[in-house]
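Close look at the chain arrangement
For reference, the chains in residue letters:
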Amino acid sequence: MNGVAAPFATSEPAPAVDGLTADSPRPRCTVSVVMVVYMTGEALAQSLERVLADPLVDEFVVVDNGSRPEEAERLRALAARDARVVVISGQGNVGFARGANLGAKRAQGDLLVFLNPDAFLQPGCIAELVREVEGRPAPCIVGGRVLNADRTEQRGARRGDITPMSAILSLSGLARRLPGLSRYEVHWEGETAPSGAASVPTISGACFCMRRDDFLAVGGFDEGYFLHVEDVDLCWRVRQQGGEVLFHPKAEVVHLGHTSLASPLKVEFHKGVGLARYFRKRAEGVGQRALAWLLSPVIVATALARPIMWRLRPR
């Protein structure tokens, strides 16, 4: 573990960001950004820069699951230059969920902002997340509006409840084409964005905020997921405990996606395994459990077919 966390003193005035200052009637909540890094590629440098440029970031915990030597050296140098940066390394590639939990346990901030290493914070994003989560009933999770590079809303930023039925009807396109099935459509990026934070079943794990106490109280990420679907599971558990899941249209982050140097086939495999596990986990009764187990190999096979179909598409 490298780097030294910055002192968390809130008695000194903090930079003004959309009205958020330490001169407010109550002390400003401290913010820790948690980022899990693994073979990210060129996007990492800009993502790190954007985080450290935000005046509300008190601590930046980077969990290095196995970067290339040059990236690992860049992280060590960053920790040496900036006292806010803490680098956790040496654990190997333990997966996103476990890596994020390691970062959250090390973090000292009142609020945790989880951010993908290929995501670029936009001005005011953290300020909007912080303002929205404070004062909300516990547990609460607030997700940002995840954008593509062309600033169109990215698929997955706000989603419906993901069940075996909704997944099949949504992925097949039937939920969009057949009358009466629109309620099963899980992708909501095509709908008009709300004017403010709105309740949704599921947000994206690319950028979201939780109170540290809330995250730990719900058990953090389920480490049974290696990569993907752990964010869907977290949202489900927050709702199961009577909490709120919110999508914030003004907390914007540009997410490149597909920047990892890891094999797309391996990534999609973990996505399929995670989705199958999620359906088995939330199944109730003998019938649902049997269906979830029967669907598991189909889900994994479908996920593995995706990168193959991408290669076969005409360019």
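Going by the structure above, here's the rest.
Now for a look at the structure at hand. (Residues numbered from 1 in each chain as written. Predicted model: local features only at pLDDT ≥ 70, side-chain atom pairs only at ≥ 80, totals over all residues. Heavy atoms only, no water.)

A word on the pairing of strand β1 (residues 31-37)
In terms of burial, β1 is largely enclosed, as seven of its seven residues are buried. Side chains Val31, Val33, Met35 and Val37 project from β1 onto one buried face, and the interleaved Ser32, Val34 and Val36 project onto a second face that is buried too. Bridge count for β1 against strand β4 (residues 111-115) is four bridges, and the pairing is parallel. In the sheet register, serine 32 faces β4, and the bridge partner there is leucine 112. With six bridges joining them, β1 and strand β2 (residues 59-64) adopt parallel strand pairing. Bridge pairing links methionine 35 to valine 62 in β2. (Buried < 20%, exposed > 50% of the residue type's maximum accessible area, 1.4 Å probe, protein only. Helix = DSSP H or I, 4+ residues; strand = E, 2+ residues; numbered from the N terminus. Pairing = 2+ DSSP bridges.)

Some thoughts on the packing of helix α1 (residues 43-53) against helix α2 (residues 69-81)
Interhelical geometry of α1 versus α2 gives an angle of 15 degrees and a closest axis separation of 11 Å. By the angle class used here, α1 and α2 are roughly parallel. You can see that α1 and α2 cross each other, and the crossing is right-handed. Residues Leu44, Ala45, Leu48 and Leu52 of α1 touch α2, and the partners they reach there are Glu71, Arg74, Leu75 and Leu78. Taken together, the residues of the contact of α1 with α2 sort by class into six nonpolar, no polar and two charged. (Axes fitted to C-alpha atoms, helices over the stretch in contact; angles between N-to-C directions. Parallel < 35°, antiparallel > 145°, perpendicular 65-115°, else oblique. Left-handed = near helix turned anticlockwise from the far one by under 90°. Contact = heavy atoms within 4.5 Å. Nonpolar A, V, L, I, M, F, W, Y, C, P; charged D, E, K, R; others polar.)

A short note on the pairing of strand β3 (residues 85-88)
A two-sided burial pattern is seen for β3, the buried positions comprising Val85 and Val87 on one face and Val86 and Ile88 on the other. Once the chain exits β2 it traverses α2 before rejoining the sheet at β3, and the crossover so formed is right-handed. (Right-handed = clockwise from strand over helix to strand, strands pointing away.)

With respect to helix α4 (residues 125-133)
Across the nine residues that make up α4, a large majority, eight, are buried. Buried within α4 are the following residues: Cys125, Ile126, Ala127, Glu128, Leu129, Val130, Glu132 and Val133. The secondary structure elements touched by the buried residues of α4 are β1, β4, β5 (119-121), β6 (140-147), β10 (207-211) and β11 (244-255). One or two residues past the end of α4 sits glycine 135, with phi positive at roughly 85 degrees.

Overview of the environment of arginine 159
If you trace the backbone, arginine 159 turns up in strand β7 (residues 158-159). For the pair arginine 159 and valine 232, spaced 73 residues apart in sequence, the C-alpha to C-alpha distance is 9.3 Å. Not counting residues up to four positions away in its chain, the partners in contact with arginine 159 are Val186, His187, Trp188, Val200, Pro201, Thr202, Ile203, Ser204, Asp231 and Val232. Within polar-contact distance, the side chain of arginine 159 engages the side chain of aspartate 231 at 3.4 Å. (Polar contact = N/O pair within 3.5 Å; in protein donor to acceptor, adjacent residues only side chain to side chain.)

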